[in-house]
Amino acid sequence: MGYKMGSTKEDLVFNRAKDEARKIIQSLGHKDRLILDIYTGGVHQLQTEPRAMDEKGKPEAIRSLEDPDFAVTAEAGDGADLFRSLPQVLQKFDGSDGKKTQKTVFILFDSQRSLFFKKSKLRDSKLLQQSADEIGKNFGEIKFVDCSNDKTFNVSVLSAKTRNPVVGVGFDCYFEILIKNHNPTEVSIDVDYYIDDLKRPVKSVSSLRLKPNEVRPLYDFKYKFDKAGPHNFQVKFRSDNLTIDNERSLIVNAREAVKTLVINGAPNTSRKVEDEVHYLRGALEPNGPKNDLIRPEYIDPEALVDVDLEGYDVVFLANVKTLTDLALSRLKTYANEGGTVIFTLGDQVNKSFYNQKLYAKGKGLFPVPLDDIDGRADAATSTDKAREWELEIVDSNYPPLKMWTEKEMVKWLKYPSFYRVFQIDREAAKEAKFRVLADFIPRALADDSVEDKENQGQAGPALVEKSYGRGTCMAYLTTVDADWNRAPAFDVFYVLFWREILLHLSLTREPRRHFAVGEVFEELLSQKEYSPEVRITRPDGQPTIQSPQALKDNTKQFRLRFDNTQLPGIYTVDFGPTAQKKPIYFAVNIDSREGDLTTFDTKDLDKALTGVKIEDIGADSMDKWLAENSGEGSIDEYWRYFLYAAIALLVLESVLAMLFGRRRQ
C-alpha cells in the first residue's frame, strides 16, 4: 500500500502485488467466495457482492486484475480508513440466517509504517481498535503480504509554499520548499524550478547533497511576477527512482493590489495623531500611497452607501458608531458573497446598535454580543496603571498569529498594554458561533502587595472571528488607535499584526486551488460564466468534457464538479473561446507522508490491537503458505467455506500511470 516502486518497471509494487493476487485466486476452491477491492483512501469496489470461485468466477477474478479500473491511483490515506471499511464487507459473506463464518482478509501492500503509525504511536488508535474488534467478531483474520522492494531509494518534497501570504505583481515572491532524504545514506539530487512553462525550468540546482534522513528547507528561489493572475509553479527532483513524490505544485495568484476600504468612525483633521486611523494608516502603507501591495482608501461612515464594495478585498470599520439600514444591507451582501469585514471598537461604538443590528442574536455580521467597557477612560494617559491587560494567542494555528508564538516574537506580543476593552456578554455568547483567536489577560502587577485582584482586570476575548455566508467577519475588542492602549507605540508588533491579518483575510474571496490526490474539484459559476461544455485537462494531457449543473436552490448558479484527480500535477480548466470566464488552474499533490518508506513489522500492529488475528506472510513464502493452508486438498480446508480478499494497493509512478491509470469514462 503506497506509491513505492522497484528499480525497474517489472519490479513495481503494483506488478508484484498483482502476481501475489493471482496466486491467491488460483489457490481457491470452488466453494470459496471472493471480493476483490482496491484501497484508495477508502475502498474502490470492483464488486459489491462475493464472487464464487467456480469455473466461471475464478477466470473473471483473474481478468479483473488487468481491468483498467483496477489500476485506480490515489493517495493511501491511513490504516484506520482501511480497517473501517472491512467489517461491513465481511458481513456480506455471512449466511441468510446471520450465522458468522470464517473469513480471511489479504492485504497486499508495501509495508509503509506511516500507514498505521505516526512515529512510535498508532494512528487513530481508538478507531483502529474498534474496527479490529468488529473484524474479530465477524470471524475475520488478516494476512499482510509485503510486496515492497527494500532497495528503493527515495527523496521527497514534503511541502512547497510562498513565504508571502499574498503575492504582488512587481514584488519579490519567495518560495519555501521542504525536502527529506528518507535514506540512511547521503544522496545527491538535482532540483528544477518551473514557472508557468512546465517543460523548461527557470532555475536548476545540481548535485544538492543531503545527509542521511535529513530534512532540509530550501530558500534559494525567488521570482518576480510581471503579470497579474494565476501562475503555475512546480519544484521537481531528478536522480530519484520514485518520481511520484519528487514534485510539488502550486497555483500562485499574483495581484496588482490588496484593495482595502477603511471606514473612519472618529476622524480628526485638525490633530492627525488623534485621528482614529492615523496609526493604522502608517501600518498599512508604510512607504506612502501606491508604494505598497496594500492599497487602502479612507471614507466616513456616511459615504458607505455610495461605494461599490465588490472591488474591495477587505472592509475595515474603525470605531464606527452606527450604520444606516442601506449601508448594513450592502455590507451583509458583500460578506455573504465572500468578502471580509473587520470591526475595531472604541468610544463611538453604540453598544445597543451593535447587539441588535450587527450581532442580531448571532445571525448578523458582528461575531459576539457586547457587554460594558472595562477599564478607566484616562488609563492610557495616566501614570496609575492599576488595571491593564496584555495579549495572549489562543489559536496558534491561525496563520497570521503563528509568528507570535515563536520564541523571538513573544516579547513583542507582550510589550503592548491595554487599558480599556469591551467585554462580551458571556451569557448571550453561549449561543453564538464564533472562535476566539486571542485573549486579553490581566498583566501581572509589579507591586505584589496589591491584594485586590479585581483591579487587574477580567480576562476576555481580544480578537474573534466568525463566518458569514462565504465571507469572514472579525472583531478586535479595543481601539486601533492609542486611546485605549499602547499598541501603536510598538511598531514591530503593530505593523506586523495588522498587515498579516489583513493580507490573510484578503484571501477569503479566492476560490480553492489546491487539492490532495483523490479530492473533488468544485467551482461555482454564475449565469454569465456558464458554458455547456468545459474541458478539464489532466497533467498527463488527457482531456475530459464536463457539463456544469444548475444548483437546485439557485438556478442562476452552476456547479462544475470533477473527481478524476488521481494524478498529481497542474490541471487546466478551459471554458471555451466564447466564454466570459478565463481558463483556471488547480494543483493536485500527494499526501507528503507517502514519501516515507520506513517499513513496519506486522507484529507491532498485532501487539497494539486486540480482538483480531493479524499475521504476516512474506511474498517469498507465499507459494509454500498457500500450499499448506488453502484450496482443495490442502492441509487446512477452511477456505472452502468463505473467503474475503482485500487487495489494498496504492501505487503509481508516472510510467505505471500511463500503462494502467486511465479510468473508464
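Before reading on, note that the structure itself is shown above.
It should be emphasised that the depicted structure is a prediction, and the values quoted were computed from it without experimental measurement. (Residues numbered from 1 in each chain as written. Predicted model: local features only at pLDDT ≥ 70, side-chain atom pairs only at ≥ 80, totals over all residues. Heavy atoms only, no water.)

Further remarks concern the nonpolar core. In this structure, Tyr354, Phe366 and Leu477 are the most contacted members of the largest nonpolar core, which totals 80 residues. It is helix α10 (residues 491-505) that contributes the most residues to this core, 8 residues altogether. In this structure, Leu477 is in contact with Leu345, Phe366, Val368, Leu370, Val421, Phe422, Ile424, Phe440, Pro461 and Ala462, ignoring residues within four places of it in sequence. Among the nonpolar cores identified, the runner-up in size contains 26 residues, and Cys173, Val187, Leu208 and Val252 belong to it. (Core = buried A, V, L, I, M, F, W, Y, C linked by side-chain atoms within 4.5 Å. Buried < 20%, exposed > 50% of the residue type's maximum accessible area, 1.4 Å probe, protein only. Helix = DSSP H or I, 4+ residues; strand = E, 2+ residues; numbered from the N terminus. Contact = heavy atoms within 4.5 Å.)

The next point concerns the sheet that holds strand β24 (residues 435-442). Spatially, β18-β17-β19-β20-β26-β25-β24-β22 is the arrangement adopted by the 8 strands of the open sheet, whose pairing is mixed. Whereas interior strands pair on both sides, the edge strands pair on one side only; in this sheet they are β18 (294-299) and β22 (389-393). This sheet shows a mean twist of 20 degrees between the axes of neighbouring strands, independent of strand direction. Here strand β20 (residues 340-344) runs beside strand β26 (residues 471-476); their pairing, made up of 5 bridges, is parallel. Looking at the pairing, Thr344 lines up with Tyr476 of β26. Against the sheet, helix α8 (residues 407-414) makes contact with β22 and β24, and its axis sits at roughly 145 degrees relative to β22, the strand it touches most. (Pairing = 2+ DSSP bridges. Axes fitted to C-alpha atoms, helices over the stretch in contact; angles between N-to-C directions.)

What follows deals with the packing of aromatic side chains. What the rule picks out here adds up to 27 aromatic pairs. Arranged with centres 6.0 Å apart and planes meeting at 20 degrees, the rings of Phe221 and Phe233 form a pair that is stacked. One end of the pair, Phe221, is in strand β14 (residues 215-224); the other, Phe233, is in strand β15 (residues 229-238), and 12 residues separate them in sequence. Relative accessible area serves as the criterion here: at 4%, Phe221 is assigned to the buried category. Residue classification places Phe233 among the buried residues on the basis of a relative accessible area of 0%. Between Tyr415 and Phe490 the ring centres are 5.6 Å apart and the planes differ by 20 degrees, which places this aromatic pair in the stacked class. Of this pair, Tyr415 sits in the loop between α8 and β23 (421-424) while Phe490 sits in the loop between β26 and α10; the two residues are 75 residues apart in sequence, bridging distant segments of the chain. You can call Tyr415 partly exposed: its relative accessible area is 39%. On the basis of relative accessibility, which here comes to 23%, the residue Phe490 falls in the partly exposed class. Taken together, the aromatic side chains of Phe175, Tyr193, Phe221, Tyr223, Phe225 and Phe233 make up a single cluster linked through ring pairs. Cation over ring: Lys236 sits above Tyr194, and NZ or CZ is 5.1 Å from the ring centre. (Phe/Tyr/Trp six-rings, centres within 6.5 Å; stacked < 30°, edge-to-face > 60°. Lys NZ or Arg CZ within 6 Å of the ring centre and 35° of its normal.)

Before going further, it helps to spend a moment on the pairing of strand β25 (residues 460-468). Taken across its 9 residues, β25 has 8 buried, putting it largely inside the fold. In this sheet, β25 lies alongside β24 in antiparallel orientation, the contact comprising 5 bridges. In the strand pairing of β25, Asp439 is matched with Pro461. Once β25 ends, the chain turns through 2 residues before running back antiparallel as β26, passing Gly469 with a positive phi of about 60 degrees.

Below, the discussion takes up α10. Every α-helical turn comprises 3.6 residues, leaving residues that sit three or four positions apart pointing alike. With 15 residues, α10 extends 21 Å between its outermost C-alpha atoms, agreeing within 8% with the 21 Å of an ideal straight helix rising 1.5 Å per residue. Among the residues of α10, those classed as buried are Phe493, Tyr494, Phe497, Trp498, Arg499, Ile501, Leu502, Leu503 and Leu505. (Expected span 1.5 Å × (residues − 1).)

Right, let's talk about the sheet that holds strand β11 (residues 172-181) for a bit. Pairing is antiparallel across the open sheet formed by 3 strands, whose spatial order is β9-β11-β14. Because the sheet does not close on itself, it has two edges, and the strands there are β9 (155-162) and β14. Averaged over all adjacent pairs, the angle separating strand axes in this sheet is 25 degrees, with direction ignored. Bridge count for β11 against β14 is 8 bridges, and the pairing is antiparallel. Following the sheet pairing, Leu178 is matched in β14 by Pro217.

Turning next to the pattern of salt bridges. Scanning the entire structure with this criterion turns up 35 salt bridges. Between Lys100 and Asp94 there is a salt bridge whose closest N-O contact spans 3.3 Å. On the basis of relative accessible area, Lys100 is assigned to the partly exposed category, the value being 32%. Measuring nitrogen to oxygen at the nearest pair gives 3.1 Å for the salt bridge that ties Lys414 to Glu390. Placement of the pair is Lys414 in helix α8 and Glu390 in strand β22, with a sequence separation of 24 residues. Residues joined in a network through salt bridges with shared partners are Glu141, Lys143, Lys613 and Glu615. (Salt bridge = Lys/Arg side-chain N within 4 Å of Asp/Glu carboxyl O.)

Limitation: the analysis is restricted to geometry and does not speak to function.
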